[in-house]
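# A structural walkthrough
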Amino acid sequence: MALQLMKLLVTAATTTEVTPTDTRFFYVTTSPTAAGSTLTIDAADFLLDNGTAATALPALAVNNSYFNVFINAVLQMEGISTYTPGGTGVGSLAIAVPAGGDGIPTGTPIVLELVSFAPSSSTDVTT
């Protein structure tokens, strides 16, 4: 009999699920912010979806989450906002208002949206 290559025959199927979590924080400006300056909103100044005061801004998982900023219901460009997780006095959202344009007037709604993903996989190996 001739030599043969012997190998295993294995079949596997992997199922991956990705569950998003969407958290929103709300703020209404109490004073105008001029063009060329920065509006910094402390974690405790935000309200949650249910109307209660926020106590902290959660940490965002690297490569597994992102944030969006809406000013007066308009999604803003990524480069003008800086997100810092943490509680009162530490956690904040800083919005650098570009020079040469309009500022942010008093009474403007600002929404911070955080999106995180919880991926899970399972593999079923059969022969």
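Let me begin by describing the structure that accompanies this report. Note that the coordinates shown come from a computational prediction; the quantities given were computed from them, not determined experimentally. (Residues numbered from 1 in each chain as written. Predicted model: local features only at pLDDT ≥ 70, side-chain atom pairs only at ≥ 80, totals over all residues. Heavy atoms only, no water.)

### Focus: the layout of surface pockets
For the largest pocket, the calculated volume is near 260 Å³. As for the largest pocket, its lining consists of 15 residues, and the residues nearest its centre are Ile-71, Gln-76, Asp-102, Gly-103 and Ile-104. Looking at the lining of the largest pocket, its residues break down into nine nonpolar, five polar and one charged. Of the voids in this model, the second largest pocket is the one considered here, and its volume is about 170 Å³. (1 Å grid on protein atoms, 1.4 Å probe; cavity = no way out; pocket = protein on both sides within 12 Å on 5 of 7 lines; lining within 4 Å. Points joined across faces, edges and corners; volume = space filled by probe spheres on them. Nonpolar A, V, L, I, M, F, W, Y, C, P; charged D, E, K, R; others polar.)

### Observations concerning the side chain of Thr-33
Residue position: Thr-33 is located in the loop between β1 (11-28) and β2 (38-42). Not counting chain neighbours up to four residues away, the residues in contact with Thr-33 comprise Thr-38, Leu-39, Val-97, Gly-103 and Ile-104. (Helix = DSSP H or I, 4+ residues; strand = E, 2+ residues; numbered from the N terminus. Contact = heavy atoms within 4.5 Å.)

### Considering the side chain of Ser-65
Take Ser-65: it is sitting in strand β4 (residues 65-71). On the basis of relative accessible area, Ser-65 is assigned to the buried category, the value being 19%. At 2.7 Å, the side chain of Ser-65 forms a polar contact with the backbone oxygen of Ala-61. Residue contacts for Ser-65: discarding those within four places in its chain leaves Leu-60, Val-115 and Ser-116. (Buried < 20%, exposed > 50% of the residue type's maximum accessible area, 1.4 Å probe, protein only. Polar contact = N/O pair within 3.5 Å; in protein donor to acceptor, adjacent residues only side chain to side chain.)

### Considerations on the sheet that holds β2
Here three strands make up an open sheet; going across it, the order is β2-β8-β6 and the pairing antiparallel. Two strands bound the open sheet, and with one partner strand each, they are β2 and β6 (81-84). If you compare each strand with its neighbour and ignore which way they point, the axes differ by 10 degrees on average. Looking at chain direction, β6 and strand β8 (residues 92-96) are connected through four bridges and run antiparallel. (Pairing = 2+ DSSP bridges. Axes fitted to C-alpha atoms, helices over the stretch in contact; angles between N-to-C directions.)

### Focus: the sheet that holds strand β9 (residues 109-126)
Pairing in this open sheet of four strands is antiparallel, and the strands run β1-β9-β4-β5 from one edge to the other. Each edge of the open sheet carries a strand with a single partner, namely β1 and β5 (74-75).

Keep in mind these values describe shape, not function.
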